[in-house]
Amino acid sequence: MPLLVEGRRVRLPQSAGDLVRAHPPLEERARLLRGQSVQQVGPQGLLYVQQRELAVTSPKDGSISILGSDDATTCHIVVLRHTGNGATCLTHCDGTDTKAEVPLIMNSIKSFSDHAQCGRLEVHLVGGFSDDRQLSQKLTHQLLSEFDRQEDDIHLVTLCVTELNDREENENHFPIIYGIGVEVEMLRLCRLFALVFCQFRVILLSFTAVNIKTAEIYRASFQDRGPEEQLRAARTLAGGPMISIYDAETEQLRIGPYSWTPFPHVDFWLQQDDKQILENLSTSPLAEPPHFVEHIRSTLMFLKKYPSPTNTLFPGNKALLYKKNEDGLWEKISSPGS
């Protein structure tokens, strides 16, 4: 079934700019999002999603109130939610395998939505900019095309990507928005409205706009990107695929077990200066956040220290499990079967 905007089929392929000009409400939502100030989000109740990770939860979750991700330059952050039960998935896509990743996103939401008698699927796409290599433009096209190929109707609600998320300074281009947060708890209101729709279908159309407006997606930055930030980043740098990291039923973050081969020429890369690391290990050297090189160096050091992580980091080949404590912070718990 098609990708829809305001109930109409989206015509593809077309640029993000042409798409929003054809649908003024999309253009207005992108403008409002760009105009927000950046919120500094603390660790309490936060589930931070790194590159090539996805996490899904619902308003029933007693541990997680915010899903978030940042440091997206050419990457796109995707939020898919079901308005009937409030199930929400956030993922950080980099174009590695979009064709395989979009079905993973869809299935993660469907696992919550099987028994939802009403509501619809809404998607929000944020990230990228007008980069010289047109990697953002390519990823935007891939994501729109793959969502358009899915069996379900998917309503495009937010599109703030590529040229719509671009600013120019001294003839160089940068993203406006690097990160977003999603207030999962706000969806309790959406769920309440959805139940009302089911019982009184005659007023369904009158309240659809309210249901859309309660999507609390905002510009955000995060100081705490854990738990196990380096381990998760190492998996991505070593070429790991998109994975789901959170079990909403048990309210546990599950890390691993991961495996990777020794990182090629790791000593060589650790000897390079900042300019070489930026130019060779970034998709957009001029647009990276200030901590990018430090982050890459620490991740390379981690990969050097743990060239084969299965036995050293995951004893007995068991996952590392974390759960939020009473203060809303991650706390390590016993591995399964231990």
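Quick summary incoming for the structure in this document.

Parameters and conventions
- Residues numbered from 1 in each chain as written.
- Predicted model: local features only at pLDDT ≥ 70, side-chain atom pairs only at ≥ 80, totals over all residues.
- Heavy atoms only, no water.
- Helix = DSSP H or I, 4+ residues; strand = E, 2+ residues; numbered from the N terminus.
- Buried < 20%, exposed > 50% of the residue type's maximum accessible area, 1.4 Å probe, protein only.
- Contact = heavy atoms within 4.5 Å.
- Areas by Shrake-Rupley, 256 points an atom, 1.4 Å probe, with all protein chains shown as cover.
- Arc of directions from axis to C-beta.
- Core = buried A, V, L, I, M, F, W, Y, C linked by side-chain atoms within 4.5 Å.
- Pairing = 2+ DSSP bridges.
- Axes fitted to C-alpha atoms, helices over the stretch in contact; angles between N-to-C directions.
- Parallel < 35°, antiparallel > 145°, perpendicular 65-115°, else oblique.
- Nonpolar A, V, L, I, M, F, W, Y, C, P; charged D, E, K, R; others polar.
- Salt bridge = Lys/Arg side-chain N within 4 Å of Asp/Glu carboxyl O.

## A short note on the overall build of the chain
Link 1 in the chain: A tally of helices and strands in the chain yields eleven helices and 19 strands.
Link 2 in the chain: Counting across all 338 residues of the chain, residues that qualify as buried make up 52%.
Link 3 in the chain: Restricting to contacts in the chain with at least 6 residues of sequence separation, those with at least 24 account for 74%.
Link 4 in the chain: Total accessible area on the chain stands at roughly 16000 Å², and carbon and sulfur atoms take up 50% of it.

## Some remarks on helix 2 (residues 24–34)
Link 1 in the chain: Every buried residue belonging to helix 2 is among Leu26, Ala30 and Leu33, and all of these are buried. The buried residues of helix 2 all sit within an arc of 65° when viewed along its axis, so they share a single face.

## A short note on the nonpolar core
Link 1 in the chain: Formed by 45 residues in total, the largest nonpolar core has its most connected members in Leu47, Leu67, Leu231, Tyr246 and Leu253.
Link 2 in the chain: Those elements that provide at least two residues to this core are helix 2, strand 7 (76–82), strand 13 (180–183), helix 7 (229–237), strand 17 (252–255), helix 8 (266–270), helix 10 (292–305) and strand 18 (320–324).
Link 3 in the chain: Looking at this core, the element that brings in the most residues is helix 10, giving six residues.
Link 4 in the chain: Apart from the residues within four sequence positions on either side, leucine 231 is in contact with Ile255, Tyr258, Trp260, Phe302, Leu313, Phe314 and Leu320.
Link 5 in the chain: The next biggest cluster of nonpolar side chains, apart from the first, holds 31 residues, and it includes Val123, Leu125, Leu156 and Val161.

## Quick notes on the sheet that holds strand 15 (residues 243–244)
Link 1 in the chain: One open sheet holds the eight strands; their spatial order is 2-1-10-9-7-8-5-15, and the pairing between them is mixed. Edge positions in the open sheet fall to strand 2 (8–9) and strand 15, since each of these has one partner strand only.
Link 2 in the chain: Sheet topology places strand 1 (residues 3–5) next to strand 10 (residues 154–161); two bridges connect them, and they run parallel. Residue pairing for strand 10: leucine 4 is matched across the bridge by histidine 155.
Link 3 in the chain: Sheet strands touched by helix 2: strand 1, strand 9 (121–127) and strand 10. Its angle to strand 10, the strand with the most contacts, is close to 45°.

## Details of the packing of helix 7 against helix 10
Link 1 in the chain: Following both chains from N to C, one finds helix 7 and helix 10 inclined at 85°, their axes separated by 9 Å at the closest point. Viewed along their axes, helix 7 and helix 10 adopt a mutual orientation that is roughly perpendicular. In this structure, helix 7 uses Glu229, Gln230, Leu231, Ala233, Ala234 and Leu237 to contact helix 10, whose residues at the interface are His295, Ser298, Thr299, Leu300, Phe302 and Leu303.
Link 2 in the chain: Residues of the contact of helix 7 with helix 10, tallied by class, amount to seven nonpolar, four polar and one charged.

## What to know about the pattern of salt bridges
Link 1 in the chain: Under the definition given, this model contains 15 salt bridges.
Link 2 in the chain: Among the ionic pairs, arginine 167 bridges to glutamate 169, the shortest N-O distance being 2.7 Å.
Link 3 in the chain: Given a relative accessible area of 35%, arginine 167 falls into the partly exposed group.
Link 4 in the chain: Judged by relative accessible area, glutamate 169 falls into the partly exposed class, the value being 40%.

Purely geometric stuff here, so don't read any function into it on its own.
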